[in-house]
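# What the coordinates show
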There are 2 protein chains.
Amino acid sequence: MSFNKDTVNAPIRDRMEALVRRKQKEITAGLETLEPTARFRADEWSRGEGQGGGISCVIENGETFEKGGVNISVVYGKLPPAAVNRMRADHKNLKTLDDGFVPFYACGLSMVIHPHNPHAPTTHLNYRYFETWNPDGTPQTWWFGGGADLTPSYLYEEDAKLFHQEHKNALDKHDPAFYPKFKKWCDEYFLIKHRNETRGIGGIFFDDLDDRSPDELLKVVEDCFDAFLPSYVPTIAKRKDTPFTPEEKNWQQLRRGRYVEFNLVLDRGTQFGLQTPGSRVESILMSLPATASWAYDHHPEEGSREDALLKVLKNPIEWV
Amino acid sequence: MSFNKDTVNAPIRDRMEALVRRKQKEITAGLETLEPTARFRADEWSRGEGQGGGISCVIENGETFEKGGVNISVVYGKLPPAAVNRMRADHKNLKTLDDGFVPFYACGLSMVIHPHNPHAPTTHLNYRYFETWNPDGTPQTWWFGGGADLTPSYLYEEDAKLFHQEHKNALDKHDPAFYPKFKKWCDEYFLIKHRNETRGIGGIFFDDLDDRSPDELLKVVEDCFDAFLPSYVPTIAKRKDTPFTPEEKNWQQLRRGRYVEFNLVLDRGTQFGLQTPGSRVESILMSLPATASWAYDHHPEEGSREDALLKVLKNPIEWV
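Being a predicted model, the structure only gives us computed values, none of them experimental.

Analysis parameters
- Residues numbered from 1 in each chain as written.
- Chains lettered and ligands numbered in written order.
- Predicted model: local features only at pLDDT ≥ 70, side-chain atom pairs only at ≥ 80, totals over all residues.
- Heavy atoms only, no water.
- Phe/Tyr/Trp six-rings, centres within 6.5 Å; stacked < 30°, edge-to-face > 60°.
- Helix = DSSP H or I, 4+ residues; strand = E, 2+ residues; numbered from the N terminus.
- Buried < 20%, exposed > 50% of the residue type's maximum accessible area, 1.4 Å probe, protein only.
- Lys NZ or Arg CZ within 6 Å of the ring centre and 35° of its normal.
- Contact = heavy atoms within 4.5 Å.
- Buried area = accessible area lost by both parts, 1.4 Å probe.
- Salt bridge = Lys/Arg side-chain N within 4 Å of Asp/Glu carboxyl O.
- Nonpolar A, V, L, I, M, F, W, Y, C, P; charged D, E, K, R; others polar.

## Focus: the packing of aromatic side chains
- This structure, assessed with the given rule, holds 35 aromatic pairs over all chains.
- When the ring of Phe190(A) is compared with that of Phe262(A), the centres are 5.2 Å apart and the planes differ by 45°; the resulting orientation is tilted. Of this pair, Phe190(A) sits in the loop between helix H4 (178–189) and strand S7 (191–192) while Phe262(A) sits in helix H6 (residues 246–266), placing them 72 residues apart in sequence. Each member of the pair, Phe190(A) as well as Phe262(A), is classed as buried.
- A connected cluster of aromatic rings, assembled from ring pairs, spans Tyr127(A), Phe178(A), Phe182(A), Trp185(A), Tyr189(A), Phe190(A), Phe205(A), Phe206(A), Phe225(A) and Phe262(A).
- In this structure, Arg239(A) packs its charged tip against the face of Tyr156(A), placed 3.7 Å from the ring centre.
- For the cation-ring pair, Arg305(B) lies above Tyr156(B), with the distance from its terminal atom to the ring centre recorded as 4.8 Å.

As structure tokens, this is what we get:
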């Protein structure tokens, strides 16, 4: 008989692991309903003996999705001192032990989906649980982090409202203060500082969350997970076959260039991953689009739809 | 009568400025010989009153060159403490003043050229002069830095040898120890650490150079500048019309993705620029290609030409 990790009495880390495994299956199946034939292929990887691993589910060259990944990872071992120092900036409770190494456990699901059609928005989602403990095995600290956000090349208000409303509904079940706080956090986190514009039209983002019981926070994460498919699938169903011009495709490519800029220059998770020895680069950089473009000093025409998007990225809107 | 900055009695900074202005004209003219009609367009910019500026010369959608820029900048003012701290890691002589700000002058030419044809290599060149001084106007420190390197998608040994030989000849005029040292420095600097492969097949790179008279080092830089056109133009003339397959174009796009990864994740100049308030983002990110691509876990077929390039990028070769 195999041990069922998804029971209320199991440790939180096992219940989070069971949750991300279940959600990987649900989300890939939900997205596949938008694809006539292409399917996610699962790629299992290991960090080596006693250090965990993950499963990357990747779709490429579908009819709807140009590139996308829904990855889970369950990794553990000892964080080297340099990684501990980088993390401490964002995680107030992280302690260093005498030798500088910190035993840790991290588990999460991370997803980025880039559709072909320039009218169909890119999306990103990530929920993770982190735990450290002392050499004697006693718990030291733990937290949840994550969020989900939407990155359109062309703005459709109803798509933005749906995405935000579904996530607000999920959070409101727990605390009406969550959505406004996490919405603002998202706008701030996904700011492309050197461009003074946000990567997309936001969503929710939180990190270092440990001020309620782990049971309650796990339920918050589960409800946020549940909000994703209803917040995104109807939009893609509506936009995936919208006729588009070469100019619209080109604008999408330029916006993807900005996506790459954010992920490679500013995203803390990407930087932490690339700097951590033994991390799986292919799973980290799965977030990058199949195609992207850069033009020198490009500015859309005043009053155009492209310009309308940029204005929103420079001044985030309250969608709900 | 206008002051002639390019005389032996003028301060080094003025002579370097005159050099980069002259070289911008020579290099753009030299590259334009490879283009039937497209021309570089000059875009002058200013950092604001008393802080300098530059001229970006950009070519886009030519027949030979998909995108390229030959930029000069002459900037000065006060480096904020955060920038001083970041620079000190690489520049041993940089001192902080009482208020943390350091008066500085920086002048350089920076170039990246991306041809269309996957058989025609991308190239990058940058030479710069940096100076700081004390509040009383006395000089504090100065140095030269720079180099030039080649990034092919398909390896032609003769192209690599020509590029290295021309730069070696320039350096050998001054010191036979320069080329081996700067060639190795280049391979080390342009390592994409998270991929364990270099960006291209190298060239020369040096930084923080101040161990000879500024006059002599200015001449080293001038000779390196002079080496560029003969090291690159014959190669592009030979490769720009080579027939290619869609698969070869695709491989070039993937290699450009790696180029973007290096520039955004690892290049110190790019990071320093993006983090420095008031810097001109469009001129810094001019280095990015018009188009780039990413595929999940891509590996070329063993024994293919693509695989042959990768092997060299993982084990740099002595070309001359």
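## Quick word on the interface of chain B and chain A
- With 27 residues of chain B at the contact, the number on the chain A side is 27 residues.
- For the chain B and chain A pair, buried surface summed over both sides reaches about 2600 Å², with 57% attributable to carbon and sulfur atoms.
- Looking at the side of chain B facing chain A, the largest losses of area belong to Glu282(B), Trp294(B) and Tyr296(B), adding up to 34% of the total buried there.
- Along the contact surface separating chain B from chain A lie four salt bridges.
- For Arg195(A), the salt bridge identified is with Glu282(B), shortest N-O distance 3.0 Å.
- Examining the composition of the side of chain B that touches chain A, we find that four residues originate from one element, helix H6 (residues 246–266) of chain B, more than from any other.
- Residues of the side of chain B that touches chain A, tallied by class, amount to 14 nonpolar, four polar and nine charged.

## A short note on the pattern of salt bridges
- According to the stated counting rule, one finds 64 salt bridges over all chains in the structure shown.
- The closest approach of N and O atoms between Lys23(A) and Glu26(A), which form a salt bridge, is 2.8 Å. Of this pair, Lys23(A) and Glu26(A) both sit in helix H1 (residues 12–32), separated by three residues, roughly a single helical turn.
- Look at Lys23(A) and you get buried, because its relative accessible area is 4%.
- Its relative accessible area of 36% is what places Glu26(A) among the partly exposed residues.
- The residue Lys184(B) makes a salt bridge to Glu188(B) at a minimum N-O spacing of 3.1 Å. Residue Lys184(B) and its partner Glu188(B) are both found in helix H4 (residues 178–189); the two are separated by four residues, about one turn of the helix.
- Assessed through its relative accessible area of 47%, Glu188(B) is described here as partly exposed.
- Connected through shared salt-bridge partners, Glu158(A), Asp159(A), Lys238(A) and Arg239(A) make up one network.

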